[in-house]
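# An overview of the molecular structure
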Amino acid sequence: MRDLRLQDVSFSYPGGYLAVEDANICIRGGENVAIVGQNGAGKTTTVKMMNGLLKPTKGEVLIGDMNSKDYTTAQISRIVGYVFQNPDDQIFHSTVESEVRFGPKMMKLDPEEEDERVNQALKITGMDEFRKENPFNLPLSTRKFVTIAAVIAMGTDILIFDEPTAGQDVAGNERLSRILKILGEEGKTVITISHDMEFVAANFQKVIVMAKKRVIKNGTPKEIFWDFECLEKAMLKQPYVSRVCRELKLTGEIICIDEAITAIMGR
Amino acid sequence: MDYVMECKNVTYRYPLSEVPAIQNLNIQIERGKFYGIIGENGSGKTTFCALLRGFIPSFYKGELEGEVLVEGKSTTDWGGELAAKIGYVFQNPFTQISGVKDTVYEEVAYGLENFGLPVEEIDERVIAVMKMTDIEALALKNPFDLSGGQMQRVALASVIVLEPDILVIDEPTSQLDPEGTESVFAIIRALKERHKTIILVEHKIDLIAEYADEVVAFKGGEIIALGDKCEILSEMSLAEQGVALPQVAILGCRLRERGLLIGAIPVTEKQAVEQIVAALEGRDGR
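Calculation notes
- Residues numbered from 1 in each chain as written.
- Chains lettered and ligands numbered in written order.
- Predicted model: local features only at pLDDT ≥ 70, side-chain atom pairs only at ≥ 80, totals over all residues.
- Helix = DSSP H or I, 4+ residues; strand = E, 2+ residues; numbered from the N terminus.
- Rg over C-alpha atoms; globule rule 2.2 N^0.38 Å.
- Buried ≥ 20, exposed ≤ 12 C-beta atoms within 10 Å, placed from the backbone.
- Contact = placed C-beta atoms within 7 Å.
- Pairing = 2+ DSSP bridges.
- Axes fitted to C-alpha atoms, helices over the stretch in contact; angles between N-to-C directions.
- Nonpolar A, V, L, I, M, F, W, Y, C, P; charged D, E, K, R; others polar.
- Arc of directions from axis to C-beta.
- Expected span 1.5 Å × (residues − 1).
- Left-handed = near helix turned anticlockwise from the far one by under 90°.

This paragraph deals with the overall build of chain B. Tallying secondary structure elements over chain B gives 13 helices and 10 strands in all. Here the C-alpha atoms of chain B give a radius of gyration of 20 Å, agreeing with the 19 Å that 2.2 N^0.38 yields for 286 residues. Each principal axis of the C-alpha atoms in chain B carries an extent, and together these give about 70 × 45 × 35 Å. Residues classed as buried in chain B amount to 49% of the 286 residues present. Excluding contacts between residues fewer than 6 apart, the proportion of contacts in chain B whose partners are at least 24 apart in sequence is 61%.

This is how it looks when you write it as C-alpha cells:
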C-alpha cells in the first residue's frame, strides 16, 4: 500500500496566483480522509497535485516512492483516480456504460476483466439501471455518480472525490456512504473534499483542514470538530448535534446522534 | 388571505416523457413568506419553480393541465413582464450568466440596463448588491473565470439587483462552503424583511428549519406535505419518503423513544437545547 505525501508543497497558477502554500500532508495507504475548508482555500488545487494534474511549483508530491515530477499525469492516473468537481468536465461518452468502460479499455485489460470492472463499478454506484442512458439526460447529482463509477472502474489504489456531496439528497448521501465503505473494505485510500460537516463527521477516519491556502490541522473528526480555534480560522461549523451538546455542556467531543443520546440519557 | 401565487390542479408532462413531472398540484403562496421546497432529487422541485416562473409552458412545451396564477393572472397572460415580477435563480449558475458581458460588474448591471435605468442609479444599485453578496472583490473578473461557489453568488446578485417582488431560487448553495451558505441565507432573510416572497429549493434542511416560514415537501411529482416548518419537519414519517429532516429533530425523536419526555420535537438548534433542558429537569424532578 502506497502512502501519499506532500512535503512543503506550494503551487502558483500561471500568471502568479498562489493557490497552495507550504502544505504538508501524509495519508497512509488505506486511509479514508476528508479535506474541508472554505471556497478558495486550496482544496481542489491540493488534490489535483496528488494525481499529477498539477505539478507543485515548490516541494515534492510523493505517491509511494514515486515523485510526481518524474512521471506523466497519465502514469500517475493509473494509481490515483480523480473525480472532478463538475461532472461535465469529465463526461464525454454518449452512454453511461461506454463512459465507465473508457478507462479500463485504455488500460488494455483482457475483455473478461474489463467487463468485470465495468459491471462492478456500475453496481457499487447504483448506476447499473442507467447503463444505456445518455449521461447528459441524467440529473447533475446522478451524473456525479457516473463519473465516480468511471474512476472506480480504473481500479486505482487511491481515489479522490471532489465535492461529491454537492446537490445530493438523502439517498445520494447514503449511496456515497456505502461507496466509501466498500472502497474502504477493499483497502483503497479515499480522499474526499466536502462542505457537508454532518457527512464528514459520520464517514471519515481523518480530516484535513485547509484555510487561506494552507493546511492548518489534521486529526480525527472529534479532534477537528471540537477545536474551536481551528473551526474559526477555517470558517467551519460544528455538526448540528455537536452544537446542541456544546450548549448542554456535555463532554466527550460528541459528533453523532448515537453518542449524543447516550450522553443525554446518562446525565 | 393575500395570495401572490396559486397553482390550481396542475399536471405537467415534459415532451417525450411518459410520466408527469408534476401531478395534481394545488398550492397557494402567501405574500411575504419564505417557502422552503424540499424532497429527493427528481421529485418535481425544479419543475414546480419553472411552472411558477412561467417557463412552463412558454419555454418548455409538453402537456400542461390546470393553471398557474401570479397576482391572480395566469402566467400565460403575463408575457415578458413576468420577468420583472419574479426573479429566478437557476440551479446551475452557468445557465444564469449571460455570457455577453466581460466582467462581474457588467453582468450584475445587465438586467438594469435592459430596464433602461439612468447610469447613476444602475451604478448605485449594482455596488450595493455586490456588497450585500460579498462579490465586490470580483467586480472586474470575467464571470466564467470564477469558481462554482463565486459564480453562484454572482448569479444571485444579478437577480436580487432587479428588486423583484417574488424570488424563485433553485439550490443556490450547492457549491458553497458552510460560511458562504449561511451568508446566502442571511441575504434571503434580509430580502424577506423587505416583504419579498421567497421560494427556495434547498437540500440543506437544517438551514431551512432555521430560516424558512413554510415547508413544501415533494415526492414523485406530488406535494406530500405542506405547512408550518415546525409541524412538517418534525414529522418522522416523511423520512421514509426520502425527505431530509433536521438532525436535531431526529435527535429529539430518538430521545423520546428512549423515554425522555421531549415536549414538541425540535427543528432548530435553539429549540433542541430548550426542549432537552426542560425534559431533563422534568425527569430529575427539578
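A few words now on the overall build of chain A. Across its full length, chain A holds 11 helices and 10 strands. Relative to the globule expectation of 18 Å for 267 residues, the C-alpha radius of gyration of chain A, 19 Å, shows essentially globular dimensions. By its C-alpha atoms, chain A is 60 × 45 × 35 Å across when sized along the principal axes. Residue burial in chain A is summarised as follows: out of 267 residues, 48% are buried. Counted over contacts in chain A with a minimum sequence separation of 6, partners at least 24 positions apart contribute 63%.

Quick look at the sheet that holds strand β8 (residues 189-193) of chain A now. Residues and elements named next belong to chain A. With mixed pairing, six strands are arranged side by side in an open sheet as β6-β7-β8-β3-β9-β10. Single-partner strands in this sheet number two, and they are β6 (80-83) and β10 (214-219). Direction aside, the axes of adjacent strands within the sheet are offset by 20 degrees on average. Pairing of strand β3 (residues 32-37) with β8 involves four bridges; the strand directions are parallel. Bridging from a neighbouring strand, alanine 34 pairs with threonine 192 of β8.

Residues and elements named next belong to chain B. For strand β1 (residues 3-13) and strand β2 (residues 22-30), the ladder comprises six bridges, and the chain directions are antiparallel. The partner of tyrosine 3 across the bridge, within β2, is glutamate 30. Where β1 lies against strand β4 (residues 63-70), seven bridges are found, and the strand directions are antiparallel. Bridge pairing links cysteine 7 to valine 68 in β4.

What follows deals with the interface of chain B and chain A. Between chain B and chain A, the contact holds 32 residues from the first and 31 residues from the second. Among the secondary structure elements, those contributing two or more residues to the side of chain B that touches chain A are α8 (148-160), α9 (178-193), α12 (247-257) and α13 (269-283) of chain B. Sort the elements by how many residues they give to the side of chain B that touches chain A and α12 of chain B lands first, with six residues. A per-class count over the side of chain B that touches chain A returns 12 nonpolar, 12 polar and eight charged.

A few words now on the environment of threonine 47 of chain B. Residues and elements named next belong to chain B. Looking at the secondary structure, you find threonine 47 in helix α1 (residues 45-52). You can call threonine 47 buried: it has 23 C-beta atoms within 10 Å. For threonine 47 and lysine 192, which are 145 residues apart along the polypeptide, the C-alpha to C-alpha distance reads 23 Å. Once you skip the residues sitting within four places of it in the chain, threonine 47 turns out to touch Tyr12, Ala21 and Ile22.

All names here are of chain B. On the secondary structure map, threonine 133 appears in the loop between α7 (119-132) and α8. Separated by 41 residues in the primary sequence, threonine 133 and asparagine 92 place their C-alpha atoms 18 Å from one another. In contact with threonine 133, other than residues within four places in its own chain, are Arg153, Leu156, Ala157 and Ile187.

What follows deals with helix α11 (residues 257-265) of chain A. For α11 of chain A, the full list of buried residues reads Ile257, Ala260 and Ile264 of chain A. Angularly, the buried residues of α11 of chain A cover 60 degrees about the axis, an arc narrow enough to put them on a single face. Those residues of α11 of chain A that are buried are in contact with α10 (240-247) of chain A together with α12 and α13 of chain B.

Looking now at helix α4 (residues 111-125) of chain A. Residue and element names in this part refer to chain A. Between the first and last C-alpha of α4 there are 21 Å, a value that for 15 residues agrees with the 21 Å anticipated at 1.5 Å per step. Inspection of α4 places Arg117, Val118, Ala121, Leu122, Ile124 and Thr125 among the buried residues, and these make up the whole buried set. Buried positions in α4, seen along its axis, are confined to an arc of 165 degrees and lie on one side of it. Along its buried surface, α4 packs onto α3 (96-106), α5 (140-152) and α6 (170-185). Looking one or two residues beyond α4, the residue adopting positive phi is glycine 126, at roughly 75 degrees.

All names here are of chain A. Across the interface, α4 lies against α5 with an axial gap of 8 Å and an inter-helix angle of 140 degrees. Between α4 and α5 lies a crossing of right-handed hand. Contacts from Ala121, Leu122, Ile124 and Thr125 in α4 reach Phe145, Ile148, Ala149 and Ile152 in α5. Residues of the contact of α4 with α5, tallied by class, amount to seven nonpolar, one polar and no charged.

All names here are of chain A. In space, the four strands of this open sheet follow the order β2-β1-β4-β5, with antiparallel pairing throughout. Edge positions in the open sheet fall to β2 (18-27) and β5 (66-67), since each of these has one partner strand only. Taken strand by strand, helix α1 (residues 43-50) contacts β1 (4-12), β2 and β4 (58-63), and its axis lies near 125 degrees from that of β1.

A few words now on the packing of helix α6 (residues 104-114) of chain B against α8 of chain B. Residue and element names in this part refer to chain B. The geometry of α6 relative to α8 is characterised by a closest axis approach of 7 Å and an angle of 35 degrees between their N-to-C directions. Considering only the axes of α6 and α8, their crossing is right-handed. Touching Val104, Glu107, Val108, Tyr110 and Gly111 of α6 are Val154, Ala157 and Ser158, all from α8.

Note that all results are geometric; they support no functional claim without further evidence.
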